[in-house]
Amino acid sequence: MSDDSELLERIKAGDESAFSEFYDRMAPLLFGLVFKILNDAREAEDVIQEGFLMVWKKAASYDSARSSPSTWVTMIFRHKAIDRLRARERRSRGMERAALEPTACHDEGEAVLQNEVGAAVRAALERLPGEQRDAIVAAFFSGMTQLEISEKTGAPLGTVKARIRRGLLKLREHLGGL
Amino acid sequence: MMDEQLEERASLYVFGLLEGEEARRFEEERRSNPELARFVAEMEETAASLAHAAGPRTPPPELKARLLGQIQPVVPARRPDWLPWALAACLALLAGGFGMECSRLQRQLEAAREQDELSQIRIATLDSMVQGSPKGVAVVAWDGARQEGIIKVQNMPRPKADQDYQLWVFDPQYRLPVNAGVFHLEDGRASFKPQQPVHSADKFAVTLERKGGEPQHKGPVVLLGN
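Residues numbered from 1 in each chain as written. Chains lettered and ligands numbered in written order. Predicted model: local features only at pLDDT ≥ 70, side-chain atom pairs only at ≥ 80, totals over all residues. Heavy atoms only, no water.

**Concerning the overall build of chain A**
Tallying secondary structure elements over chain A gives nine helices and zero strands in all. Helices and strands in chain A line up, N terminus first, as α-α-α-α-α-α-α-α-α. Within the span of chain A, comprising 178 residues, buried residues form 51% of the whole. Sequence separation of at least 24 residues holds for 66% of the intrachain contacts in chain A that already meet a minimum separation of 6. Working note: accessible area of chain A is about 7900 Å², and carbon and sulfur atoms make up 48% of it. (Helix = DSSP H or I, 4+ residues; strand = E, 2+ residues; numbered from the N terminus. Buried < 20%, exposed > 50% of the residue type's maximum accessible area, 1.4 Å probe, protein only. Contact = heavy atoms within 4.5 Å. Areas by Shrake-Rupley, 256 points an atom, 1.4 Å probe, with all protein chains shown as cover.)

Right under this line is the structure:
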């Protein structure tokens, strides 16, 4: 079995079977992420489709010295989902969802697959002080600006920035060699 | 050793929370400071791991089938940039196209395709959907690989001062037509670039909308074709 970096190298060369394998590996994680951000299955499908077409066309721009393949695609798909969230002017609903359900797995009648990494990340989040966890979750999933997070939480802007920094550093520490 | 302020800006940066000039200045600093670049990379890995907290979700199987049907062989980077020439050739065809039988236009297109000159250019003819005379008509030259095209129109009345003609692309991947923007009739033709990726341009339509256009079509369809 190929590793993710090798698959991306083959995708760069136009290898469709590598693209298919990369999709199988990444799509559940990315679909879960963009669905959580958008809370709309059809829109999430559109983002997945656009995102993977971008991976196919732009695989050559991947820089292995800068990030792992998983991080590269996660940040691309997150960015696309947040762009779409902002564009459809339903940001306030997104904010409510992210703020109220910081670590919840949506299921809406559909069984949500669990895995060890997900459980470890959720556990690491749970270990953060509540205000840091909320700031981190809002920053990652909601598409809110610093100012909006500040207004939403009632904390001064400087406090929000400090919470995000401390929360992210602690999260890195808690995740260790994950 | 980085100070807290720099760590703070790096943390905001990985979440996309730096904007405008602040983001630009941070990017510059990151490029010139290897320690900062390493820190940002670590923070990005940590931030990306949050995706796992959402829980995996299996996409519908038809989504993968659709994607695999859409990917095309990668074009070698050394291929010359032929688009301007090809579009110019296309327009040369179109310049006389309005008086031609459609089949003749198609034959010319096929002949050009055999020479691989216009292999990625799709031609669509649009007919008037409104009563009256003379009948409006349009031809669209669409390059799916470049996601851009040209529309040439004839016999179309000028829209009112508070209206614009707007072009739409019908792609079965989307529930609604894709907005390809408003166009003006000064010289009878205009270039366009749809606002979403178009995977399969099945049909094109022109509607009459309020000045500046609409995000989703509201006005009457005046031209339609494929």
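From this point, the discussion proceeds with the structure in view.
**A closer look at the interface of chain A and chain B**
At the interface, 64 residues of chain A touch 49 residues of chain B. Taken together, both faces of the contact between chain A and chain B bury some 5400 Å²; the carbon and sulfur share is 62%. Looking at the side of chain A facing chain B, the largest losses of area belong to Gln-49, Arg-66 and Arg-165 of chain A, adding up to 13% of the total buried there. Linking chain A with chain B are five salt bridges. In this structure, the connection of chain A to chain B is made through 13 residue pairs in polar contact (both at pLDDT 80 or more). Listing elements by their share of the side of chain A that touches chain B, those giving two or more residues are helix H1 (4–12), helix H2 (16–38), helix H3 (41–58), helix H4 (69–87), helix H6 (116–126), helix H7 (130–142), helix H8 (146–153) and helix H9 (157–175) of chain A. With 13 residues, H2 of chain A is the single largest residue contributor to the side of chain A that touches chain B. Split into classes, the residues belonging to the side of chain A that touches chain B amount to 33 nonpolar, 14 polar and 17 charged. (Buried area = accessible area lost by both parts, 1.4 Å probe. Salt bridge = Lys/Arg side-chain N within 4 Å of Asp/Glu carboxyl O. Polar contact = N/O pair within 3.5 Å; in protein donor to acceptor, adjacent residues only side chain to side chain. Nonpolar A, V, L, I, M, F, W, Y, C, P; charged D, E, K, R; others polar.)

**So, the packing of H8 of chain A against H9 of chain A**
Any two packed helices are characterised by the angle at which their axes cross and by the distance between the axes. Residue and element names in this part refer to chain A. Contact geometry of H8 with H9 gives a least axis separation of 9 Å together with a crossing angle of 105°. Relative to H9, H8 is oriented roughly perpendicular. Taken together, the residues of H9 that come into contact with H8 (itself represented by Gln-146, Leu-147, Ile-149, Ser-150 and Thr-153) are Leu-157, Val-160 and Lys-161. Per-class residue counts for the contact of H8 with H9 are four nonpolar, three polar and one charged. (Axes fitted to C-alpha atoms, helices over the stretch in contact; angles between N-to-C directions. Parallel < 35°, antiparallel > 145°, perpendicular 65-115°, else oblique.)

**Focus: helix H3 (residues 34–49) of chain B**
The end-to-end C-alpha separation of H3 of chain B is 23 Å, in line with the 22 Å expected for 16 residues at 1.5 Å each. All of the buried residues in H3 of chain B are Leu-36, Phe-39, Val-40, Ala-41, Met-43, Glu-44, Thr-46, Ala-47, Ala-48 and Ser-49 of chain B. (Expected span 1.5 Å × (residues − 1).)

**Concerning the side chain of Arg-165 of chain A**
Counting through the fold element by element, Arg-165 of chain A comes out in helix H9. For Arg-165 of chain A, a relative accessible area of 9% puts it in the buried group. Within the structure, Arg-165 of chain A has its side chain in polar contact with the side chain of Glu-7 of chain B (distance 3.0 Å). Ignoring any residue separated from it by four or fewer positions in sequence, one finds Arg-165 of chain A in contact with Glu-4, Glu-7, Glu-8 and Ser-11 of chain B.

**Details of the environment of Ser-70 of chain A**
Along the chain, the position of Ser-70 of chain A falls in helix H4. Note: C-alpha distance between Ser-70 of chain A and Ser-5 of chain A (65 residues apart in sequence) is 9.1 Å.

**Some words on the confidence of the model for chain B**
Residue and element names in this part refer to chain B. Per-residue pLDDT for chain B has a mean of 79; in total, 76% of the residues score no lower than 70. A low-confidence stretch, residues 75–86 (pLDDT under 50), is modelled with 14 contacts involving residues beyond four sequence positions or located in other chains. Segment residues 97–103: pLDDT under 50, and nine contacts once partners within four positions in sequence are set aside and those in other chains are kept. (pLDDT = per-residue confidence, 0-100.)

**So, the nonpolar core**
Membership of the largest hydrophobic core comes to 78 residues, with the highest contact counts inside it found for Phe-22, Ile-48, Phe-52 and Phe-77 of chain A together with Phe-15 of chain B. Per element, the largest residue contribution to this core is 14 residues, and it comes from H2 of chain A. Contacts of Phe-15 of chain B, omitting those with residues within four sequence positions, involve Arg-78, Ile-136, Ala-139, Phe-140, Ile-164 and Leu-168 of chain A together with Ala-47 and Leu-50 of chain B. (Core = buried A, V, L, I, M, F, W, Y, C linked by side-chain atoms within 4.5 Å.)

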